[in-house]
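Read off the chains here:
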Amino acid sequence: MHVSVLKKELIDCLDPQPNENFVDGTVNGGGHARLILEKTGPRGRLLGIDRTQELVIKLKRELIQEGYDQRVMLACDNFARLKEIVHENKFHPVNGLVLDLGFSSWHLEKSGRGFSFMLDQRLDMRFDQHDELDAWTIINRWSEEEIGALIRDYGQENFWRKIAANIVAERQLSSLDTTGDLVRVINKSVPDWYRHRKLHPATKTFQALRIVVNRELSNLSRVLPQIVEVLAPQGRAAIISFHELEDRMVKQFFKSEEEAGRLELITKRPIKPSEAEISKNRRARSARLRAVRKI
Ligand SMILES: C[S@@+](CC[C@H](N)C(=O)[O-])C[C@H]1O[C@@H](n2cnc3c(N)ncnc32)[C@H](O)[C@@H]1O
């Protein structure tokens, strides 16, 4: 079960009112979506979007059982198509929107798609199984320079050069098919002290691969201007990011829209989870919430 982050803080920023409509662009297991639905009854609607088909099917079944189906519509789609999805579903007005970026516990533990360095699975890492690019292709087909740049830029991993060189050397002997194969190469590429820290030595490389496989930064940059377009006046939007590059992109976009007089900042600084939340949910430690209101 995925534990939603910054629940109270998110609801405080979005301030959902009875009968308002909300878009959850990363609906996953519906943790945040249910909190919104509780506040927007009796007639407020929610449009939930997620790229992971299994999660959308599962959530649809659960929401029917919970009696929410009349107020919820779900789309298995990429939030980078936000404007079209909203129009296709005739979902107007949009009084609020949330994006809680990245992946979930389901992807790590249940998907079988190699998101976790703790399990030995085929290198895949795609949210959407229709996408062509997977982690296997990057690791076994991309050049050493491309792999190195990916690990450096999206993982901010200091040992990127050595890891990339060893990946290319190892795959000449035999293809690297599983997460176990990749972890073995990473372990070989980093110094002893790096292997004995709290953070697993494969964390940054795996994060970089997932971001690139799923084009996470380009999806975010595509959706940001659409949020301003779809929101009704006084509509609120909140974005939770887990990566410095994502948070920087959100911050700069919100700031430039504030200067242009289209948005006002609800959060002057990013909201971070409390120590109490982090102690219960380690995944929350890098979460940053920023929220705006449309003028
Ligand atoms: C951190 S989880 C969201 C958790 C959810 N807010 C909750 O409380 O249960 C992120 C979700 O976003 C989805 N996702 C990631 N990128 C996406 C994209 N571009 N379009 C739609 N869904 C996306 C993933 O499949 C994943 O289910």
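Note that the coordinates shown come from a computational prediction; the quantities given were computed from them, not determined experimentally. (Residues numbered from 1 in each chain as written. Predicted model: local features only at pLDDT ≥ 70, side-chain atom pairs only at ≥ 80, totals over all residues. Heavy atoms only, no water.)

Peer 1: Explain the overall build of the protein to me, using residue names and the numbers behind them.
Peer 2: What the protein contains, in helices and strands, is 14 helices and seven strands. Here the protein has a C-alpha radius of gyration of 20 Å; the compact-globule value for 295 residues is 19 Å, and the two agree. The buried share among the 295 residues of the protein stands at 54%. Taking the intrachain contacts of the protein between residues at least 6 apart in sequence as the baseline, contacts between residues at least 24 apart amount to 71%. Carbon and sulfur atoms make up 50% of the accessible area of the protein, which totals about 14,100 Å². Positive and negative side-chain charges of the protein, numbering 48 and 42 respectively, have mean locations separated by a distance of 3 Å. (Helix = DSSP H or I, 4+ residues; strand = E, 2+ residues; numbered from the N terminus. Rg over C-alpha atoms; globule rule 2.2 N^0.38 Å. Buried < 20%, exposed > 50% of the residue type's maximum accessible area, 1.4 Å probe, protein only. Contact = heavy atoms within 4.5 Å. Areas by Shrake-Rupley, 256 points an atom, 1.4 Å probe, with all protein chains shown as cover. Lys, Arg positive; Asp, Glu negative; His and termini not counted. Charge placed at Lys NZ, Arg CZ, Asp CG, Glu CD.)

Peer 1: How would you summarise the site of the ligand if you had to cite specific residues and measurements?
Peer 2: In the vicinity of the ligand, 25 residues are found, and the nearest of them are Ser4, Asn28, Asp50, Thr52 and Asn78. The side chain of His32 places a nitrogen or oxygen atom 2.9 Å from a nitrogen atom of the ligand. Note that a nitrogen atom of the ligand is positioned 2.8 Å from one of the side-chain N or O atoms of Asp100. Protein contact buries 98% of the 610 Å² of open area that the ligand shows by itself. (Near = heavy atom within 4 Å. Polar contact = N/O pair within 3.5 Å; in protein donor to acceptor, adjacent residues only side chain to side chain.)

Peer 1: Describe in detail the domain arrangement of the protein, supporting the description with residues and values.
Peer 2: Under the domain assignment, the protein is made up of domain 1 (7-102 + 217-294) and domain 2 (112-213). Tallying the contact residues gives eleven residues for domain 1 and 13 residues for domain 2. Summed over both sides, the interface of domain 1 with domain 2 buries roughly 1,000 Å², with 46% coming from carbon and sulfur. A salt bridge links Asp128 to Arg51; the nearest nitrogen and oxygen atoms lie 3.9 Å apart. Applying the counting criterion to the domain 1 and domain 2 interface returns four residue pairs in polar contact (both at pLDDT 80 or more). Elements supplying a minimum of two residues to the side of domain 1 that touches domain 2: helix H3 (53-65) and helix H13 (244-259). When the residues that make up the side of domain 1 that touches domain 2 are grouped by side-chain class, the tally is two nonpolar, four polar and five charged. (Domains from an automatic or database assignment. Buried area = accessible area lost by both parts, 1.4 Å probe. Salt bridge = Lys/Arg side-chain N within 4 Å of Asp/Glu carboxyl O. Nonpolar A, V, L, I, M, F, W, Y, C, P; charged D, E, K, R; others polar.)

Peer 1: Which residues make up the sheet that holds strand E5 (residues 231-241), and what values go with them?
Peer 2: An order of E3-E2-E1-E4-E5-E7-E6 is seen for the seven strands of this open sheet, with the pairing classed as mixed. Sheet topology places strand E3 (72-76) and strand E6 (263-265) at the edges, where each strand pairs with a single neighbour. With direction set aside, neighbouring strand axes in the sheet form an average angle of 20 degrees. Pairing of E5 with strand E7 (residues 288-294), which is carried by six bridges, proceeds in the antiparallel orientation. Within E7, the residue paired with Ile240 across the bridge is Leu289. The strands that helix H2 (residues 31-40) touches are strand E1 (22-24), strand E2 (46-50), E3, strand E4 (94-100) and E5; relative to E1, the one it contacts most, it runs at about 170 degrees. Running at roughly 165 degrees to E3, H3 makes contact with E2 and E3 of the sheet. (Pairing = 2+ DSSP bridges. Axes fitted to C-alpha atoms, helices over the stretch in contact; angles between N-to-C directions.)

Peer 1: Break down the environment of Val94 for me, citing the residues and quoting the values.
Peer 2: The topology assignment puts Val94 in strand E4. A relative accessible area of 0% places Val94 in the buried class. Separated by 47 residues in the primary sequence, Val94 and Leu47 have C-alpha atoms spaced 9.4 Å apart. With residues up to four places along the chain from it excluded, the contact list for Val94 reads Asn21, Val23, Val86, Val230, Leu231 and Ala232.

Peer 1: Talk me through the packing of helix H9 (residues 179-189) against helix H11 (residues 203-213); I want residue IDs and the actual numbers.
Peer 2: It is the contact of H9 with H11, at a shortest axis distance of 10 Å, that shows an interaxial angle of 130 degrees. Our classification of the angle between H9 and H11 gives oblique. Seen along the crossing, H9 lies across H11 with a hand that is right-handed. On H11, the residues touching Thr179, Leu182, Val183 and Ile186 of H9 are Thr205, Phe206 and Leu209. Of the residues assigned to the contact of H9 with H11, the class counts are five nonpolar, two polar and no charged. (Parallel < 35°, antiparallel > 145°, perpendicular 65-115°, else oblique. Left-handed = near helix turned anticlockwise from the far one by under 90°.)

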